[in-house]
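As a plain string of letters, each chain reads:
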Amino acid sequence: MKKSIRFIINPISGVGKKKVLPGLIKQHLDHSKFTYDIVYTSHRGHAVEISKEAADEGIDIVCVVGGDGSVHEAGTSLIGRNTALAILPTGSGNGIARYLGLPRRIKSALKSINAHQIETVDTLTLNGHQFIGVSGFGFDAYIAKKFDEYHSRGLTSYARLVLKEFRKYKGVSVVVNGEKEYSNLFFCSVANMTQFGNGFYISPQSDAKDGQFEIVMVRMPKTFGFIGLLFASMRGTLHCSKYVTCIKAKHAQIKVNDDIGHMDGEPIALKELTVEFNCHPKSLSVLV
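Quick caveat, the model's predicted, so the values are computed rather than measured.

With respect to helix α5 (residues 106-115)
Then step 1. Regarding α5, the residues found buried are I106, A109, L110, S112, I113 and N114.
Then step 2. Just downstream of α5 lies H116, where phi reads positive at about 50°.

Right, dumping it as structure tokens:
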């Protein structure tokens, strides 16, 4: 029996993809295995609605065409459901897709869907709000907010923004589980998966199938230390840096002194500065 797929396309994610994608899907999807339809998002949060409707209808796979923001919207709507998540990565960072080992060329990503290899991964909650990859506070959250407001996308724009804002940033402080305070942090990340996106690894040892997450705290570096952290992140050796402290946990309470955070790269405003994180093992089915 054929499996059903609903493709959710974010028309503003990726240059020129909206016009060519339907043809690529028609050409490269294995029609002996799958039936499909296509829905375009029209506003922020629309992928949440589409994904929930697909799960309610019993669609086998929801395939998100977009970046981590679109994946966050659709994927969190499938947590605990029987519908699996697939991704055609066309965003700026594609951190979740990169972690899952998905090709970034659309043709190759479609062919990987044909293999229909499904795994079940953990997800996390921040004060009950679900996310899939990485959440955090500090410089990464600050940049997520700035980038969300930025006039252009892509790695070059992101790098330009990071270099511009680094000199202004003053750091963040956190208290973990009411015990130890970590002050003057560059950022504090809670990682279920290994990277932010664009090949930058925040938590190289994270495994989204081990029933726990990593709290990664990076102390404020000086200019040359910052450059070293960037190279370590690209090499996947950030956890070895003298600036970095890592804690494994299944649940944790983190108190922060700033109300800016992010989930899967999407900026959020914290209503409470004491934040509860919990791991939910094997709660989301994904195509890898």
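From this point, the discussion proceeds with the structure in view.
A few points about the nonpolar core
Then step 1. Among the nonpolar cores identified, the biggest contains 42 residues, and V174, F186, F213, I215, I254 and F277 are the most heavily contacted of them.
Then step 2. No other element matches strand β9 (residues 180-191), which puts seven residues into this core.
Then step 3. Leave out the neighbours within four places in its chain, and F213 touches L124, V190, A191, I247, K248, A249, K250, H251, A252, F277, N278 and C279.

Here we look at the environment of L21
Then step 1. Mapped onto the elements of the fold, L21 is located in helix α1 (residues 17-28).
Then step 2. Separated by 263 residues in sequence, L21 and L284 have C-alpha atoms that sit 26 Å apart.

Considerations on the packing of helix α2 (residues 46-57) against helix α3 (residues 68-76)
Then step 1. Following both chains from N to C, one finds α2 and α3 inclined at 35°, their axes separated by 7 Å at the closest point. Seen from above, α2 lies across α3 with right-handed handedness. The segment α2 lies against α3, with H46, A47, V48 and S51 engaging S70, E73 and A74.
Then step 2. Looking at the contact of α2 with α3 residue by residue, the classes come out as three nonpolar, three polar and one charged.

Here we look at the packing of aromatic side chains
Then step 1. This model, assessed by the stated rule, comprises 11 aromatic pairs.
Then step 2. Ring geometry for F139 versus F186: centroids 4.7 Å apart, planes at 20°, classification stacked. Placement of the pair is F139 in helix α6 (residues 139-148) and F186 in strand β9, with a sequence separation of 47 residues. The residues F139 and F186 share a single accessibility class, namely buried.
Then step 3. Aromatic side chains F213 and F277 sit 6.5 Å apart centroid to centroid with 55° between the ring planes, which places their arrangement in the tilted category. Highlighted residues: F213 in strand β12 (residues 213-219) and F277 in strand β17 (residues 274-287), separated in sequence by 64 residues. Each member of the pair, F213 as well as F277, carries the same accessibility label: buried.
Then step 4. Among the aromatic residues, those joined into a cluster by ring pairs are F139, Y142, Y169, F186, F187 and F196.

Criteria and thresholds
Residues numbered from 1 in each chain as written. Predicted model: local features only at pLDDT ≥ 70, side-chain atom pairs only at ≥ 80, totals over all residues. Heavy atoms only, no water. Buried < 20%, exposed > 50% of the residue type's maximum accessible area, 1.4 Å probe, protein only. Helix = DSSP H or I, 4+ residues; strand = E, 2+ residues; numbered from the N terminus. Core = buried A, V, L, I, M, F, W, Y, C linked by side-chain atoms within 4.5 Å. Contact = heavy atoms within 4.5 Å. Axes fitted to C-alpha atoms, helices over the stretch in contact; angles between N-to-C directions. Left-handed = near helix turned anticlockwise from the far one by under 90°. Nonpolar A, V, L, I, M, F, W, Y, C, P; charged D, E, K, R; others polar. Phe/Tyr/Trp six-rings, centres within 6.5 Å; stacked < 30°, edge-to-face > 60°.

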